[in-house]
Structure formats: structure tokens, C-alpha cells
Amino acid sequence: MKSFYNAERVSENVWWVGAVDWHVRNFHGYLTERGTTYNAFLIIDEKVTLIDTVKEGFFDEMMERISTVIDPEKIDYIVSNHAEPDHSGALASTIEAVKPEKVFSSVMGAKTLKAYYGIDTQVVPQSISLGQGSLSFVETRMLHWPDSMISFYDRDGVLFSQDAFGQHLAGSKLWADDYDQGIIEHEMSKYYANIINAQSTKVLAVLDSLPALNLPLQVIAPDHGPLFRKDFDKVFSAYRRYAEQKPQAKAVVVYCTMWHATEALARAFADGVRHAGIEVELIDLAVSERSAVMTAVANSGLAAFGAPTMNNQVFPAMADVLTYIKGLKPLNKIGFAFGSCGWSGEGAKQITAELEAMKFDLPIPFVQSKYKPTQEELMKVFEAGETLAEKLKQSL
Ligand code: FEO
């Protein structure tokens, strides 16, 4: 049956039946500059199975796509790979409409779905037979929530990887190789930095365990963005690179400013870095936001932060960004703090304390100017930029 919303074939027996959220720009504080998709997948086997659902509000779109393949009431099983509401928001409505024989989740998924929606689920065994093929499960706790798991459909070689390998990227194309690869790489890296970075040790453990599973992989199907049908090594090695967090030959200078004093210091520091031959990006928090900052920090070996003092505190925009970054646990960063003040001067001290708490390497003490930076202070931060860029080069 043809419809306004159609399913798209992923493999012989698997269909994409998700939803495209073209205009979402705030995904729990993450600026989704290109929107996103909520991917759900329908497996046509003797036991018809739906893998994940979509965000609340996109139920009709998903059901219409399913209806182009099969009567939704023929769905026997629903598997919740991830209970976060962008994938489970439509679960209760789907269960009501479909009346499946069984709903499966992980142990923590059962607790989470019960707490959110009062839904009872069966905890998955290691694998379940769908008739011609089997679906096997690997728990991936904290990637991205405690309930998270990935599923593999052996008949078609489809890995349903939920948040892992995803990108917040709305579009009309199903396959990642049909997109500009620069966009895919940027969105995958941004997604990792802002959603998964804190769990990098677990990511490395999962990546290490994959070869032993000997999966006859044909498709990687994440819950967000386009899917991968080739270049799997490229996808896995990108995740390994993100997770290892080795120093990158880039620097970022993040600042906020009230009367341009901190801005002048930021520019002088950035020019010092540039003079030493390291690529540098300047981010003014008045015109940027935290997920762009975290992406830049994750992709830089050197990160400097500068802010004024306001009411005996670091300027609030900087406190926000530092709190956010701290939760995502970036590793192996050379850091620098700077700022400006009129009298009490807590700003640069508080930045230093936060960077120390994040275990940034801070070989040069903070620089803080009074009212307006002097030529000497500007030269001091310029030289700090040069020195730290040289130090970064030595660590590469
Ligand atoms: Fe796409 Fe963690 O949810």
C-alpha cells in the first residue's frame, strides 16, 4: 500500500519505518542544527518484529510507514533497544494499537519503561528466534543509558545499534554513503562528543568485543540519522579514535565578554597559537552554545577558557559550558584559563578550578586583567598561546 509516509527497504526482510524531525533544534540542550531522525525498523519474519519506536508526536508517521509494508496488527514482537523517550515516546500507543504478543527489553529497560509508562516488558534472553532468522542481544549499559542494548538480525546481517554510530541529521536519504561525507563525519563526531564521550572506556570495550562475535555484518542501523551499508571499518575506527581521545593538532579558545577585555585576551591567545602553527578556533559564547563548544573541545588537544567576573562569580555562560563539559569527561587536554575583572576577580580562578577538576594539564597559571588588558598582559597571553601550542605539538 502506498501512503503519504512510506517505509524504506533496508535489506531483504528489514524496513525503515521511522520518522524525520526536520526542525528540532534543541535536543535536551544539544543544538541539532540539521534536525534528526528517530529510526524504527520492521523485521518481516515468521515473528514480525518492530525494533524501537519513535518520539511522542511521531506515532502516526511511524504507523503509516509500517502500514505500507504490513498490517500493524500483524506485529508479534516489539524490542526496545533504548528506553529514552526519543525512542519510547510512542511505545505505549504502539502497544495499544498493535497488541503484540511480547515486548522485549534489557533488565534496566524493563525498570525504565515501567517507571516511565507503566509498561511491562520481558527481559531478553541472549537471542530469540523469529522463524527464519534470529535476533541476538548485547547489553551496552550507559551507551547511552543504563538500559541500552544492541540487537543483531543474523538473516540479513543488520546491527541495530540504537544511539551508537548515530548522527542528528534529518534527511530524505537512507544511506550515509549518499550524503556529503564531511557532513556525516561532523555530525557523527558531534553526536559522540555530546552524547557518548563520557563512556569512552565502555565504547572501547564494546569495539574490542565485536570481532569475537564474528558478525556477518551487512548494515549498521543506528536510531538516529542515516544507516551504513559499507565502510564499516571506517565507522568503527572513527569511534575508536573518538573514544581514545588522543590529542588532536587543533586548539579552541572559548570565551565570553562584557566590555571586550576578555575578548582581547582571547584573540591574543588565539594569535599566539596560530603563530606557532596550530589551527585554532575562537568561540564567543554570546553567539554559540554548549554542544558546539564540546564538539570543538573533543576535537582539540588544547582548550583555553576565558571569562569576566560578574557579581563575584565567573560569568554565567562560562559556568554553564564548564559544567556541561565536565559531565562529558574529556581527556588528554592541555588547558589555559584567563579573564578580566574590575575588583574581586573570581572568574579566572573558578575556571582554573573547573579545569583542574577535569584533569586538564595547566602548565601556565591563569592571566587576569583589571578593567582593560595592558600591552604586557596581551603579550603574556599571546606567548602562552605560542608555548602551549608548542607543547601540544610535542605530544602528538
Ligand atoms: Fe536517541 Fe539516548 O536516545
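The rules behind each value
Residues numbered from 1 in each chain as written. Predicted model: local features only at pLDDT ≥ 70, side-chain atom pairs only at ≥ 80, totals over all residues. Heavy atoms only, no water. Helix = DSSP H or I, 4+ residues; strand = E, 2+ residues; numbered from the N terminus. Rg over C-alpha atoms; globule rule 2.2 N^0.38 Å. Contact = heavy atoms within 4.5 Å. Areas by Shrake-Rupley, 256 points an atom, 1.4 Å probe, with all protein chains shown as cover. Lys, Arg positive; Asp, Glu negative; His and termini not counted. Charge placed at Lys NZ, Arg CZ, Asp CG, Glu CD. Phe/Tyr/Trp six-rings, centres within 6.5 Å; stacked < 30°, edge-to-face > 60°. Buried < 20%, exposed > 50% of the residue type's maximum accessible area, 1.4 Å probe, protein only. Lys NZ or Arg CZ within 6 Å of the ring centre and 35° of its normal. Pairing = 2+ DSSP bridges. Right-handed = clockwise from strand over helix to strand, strands pointing away. Axes fitted to C-alpha atoms, helices over the stretch in contact; angles between N-to-C directions. Parallel < 35°, antiparallel > 145°, perpendicular 65-115°, else oblique. Nonpolar A, V, L, I, M, F, W, Y, C, P; charged D, E, K, R; others polar.

Peer 1: I keep staring at the overall build of the protein chain and nothing clicks. Help me out?
Peer 2: Looking only at helices and strands, the protein chain features 12 helices and 22 strands. Rg of the C-alpha trace for the protein chain: 24 Å, near the compact-globule value of 21 Å for 396 residues, within the 12% margin. Projected onto its principal axes, the C-alpha positions of the protein chain cover 75 × 40 × 35 Å. Contacts spanning at least 24 positions in sequence make up 74% of the contacts within the protein chain whose residues lie at least 6 apart. If you sum the accessible surface of the protein chain, you get close to 17,000 Å²; carbon and sulfur atoms cover 52% of it. Taking the average location of the 37 positive side-chain charges in the protein chain and that of its 50 negative ones, the two points are 3 Å from each other.

Peer 1: Can you walk me through the packing of aromatic side chains in this structure?
Peer 2: In this description, a pair of aromatic rings is defined by centroid distance and the angle of the planes. This structure, assessed with the given rule, holds 15 aromatic pairs. On the numbers, 5.3 Å between centres and 45° between planes, the contact of Phe 41 with Phe 160 is tilted. Separated by 119 residues along the polypeptide, Phe 41 in strand β7 (residues 41-43) and Phe 160 in strand β15 (residues 158-162) bring together distant segments of the chain. Across the pair, Phe 160 and Phe 41 agree in class, each one buried. Here Phe 165 and Phe 236 contribute two aromatic rings whose centre-to-centre distance is 5.5 Å and whose plane-to-plane angle is 65°, an arrangement assigned as edge-to-face. On the criterion of sequence distance, the pair formed by Phe 165 in the loop between β15 and α5 (181-196) and Phe 236 in helix α7 (residues 232-244) is long-range, its members being 71 residues apart. Residue class for Phe 165 comes out buried when judged on its relative accessible area of 6%. An aromatic cluster is present here, built from Phe 165, Tyr 192, Phe 236, Tyr 239 and Tyr 242 joined pairwise through their rings. One cation-aromatic arrangement involves Lys 173 over Tyr 179; the distance from NZ or CZ to the ring centre is 4.9 Å.

Peer 1: I keep staring at the pairing of strand β17 (residues 250-255) and nothing clicks. Help me out?
Peer 2: In the case of a regular strand, side chains alternate between the two sheet surfaces. Of all six residues that make up β17, five are buried, and the element is covered over most of its length. Sheet topology note: the β17/strand β18 (residues 279-284) ladder contains six bridges and is parallel. The residue bridging Val 253 from the neighbouring strand is Leu 282, located in β18. With respect to chirality, the unit in which β17 leads through helix α8 (residues 261-275) into the neighbouring parallel β18 is right-handed. As paired strands, β17 and strand β19 (residues 302-310) are joined by five bridges and run parallel to one another. Residue Val 253 lies in a different strand from β19, and its bridge partner there is Ala 304.

Peer 1: Any chance you could explain the packing of helix α10 (residues 316-328) against helix α11 (residues 347-357) here in plain terms?
Peer 2: When two helices pack together, their arrangement is captured by the angle between the axes and the distance separating the axes. Where α10 meets α11, the closest approach of the two axes is 10 Å, and the angle between their N-to-C directions is 5°. Taken as axis vectors, α10 and α11 run roughly parallel relative to one another. Between α10 and α11, the contacting residues are Met 318, Leu 322 and Lys 326 on the first element and Ile 351, Glu 354, Leu 355 and Ala 357 on the second. Residues belonging to the contact of α10 with α11 are distributed by class as follows: five nonpolar, no polar and two charged.

Functional significance is not addressed by these values, which are geometric in nature.
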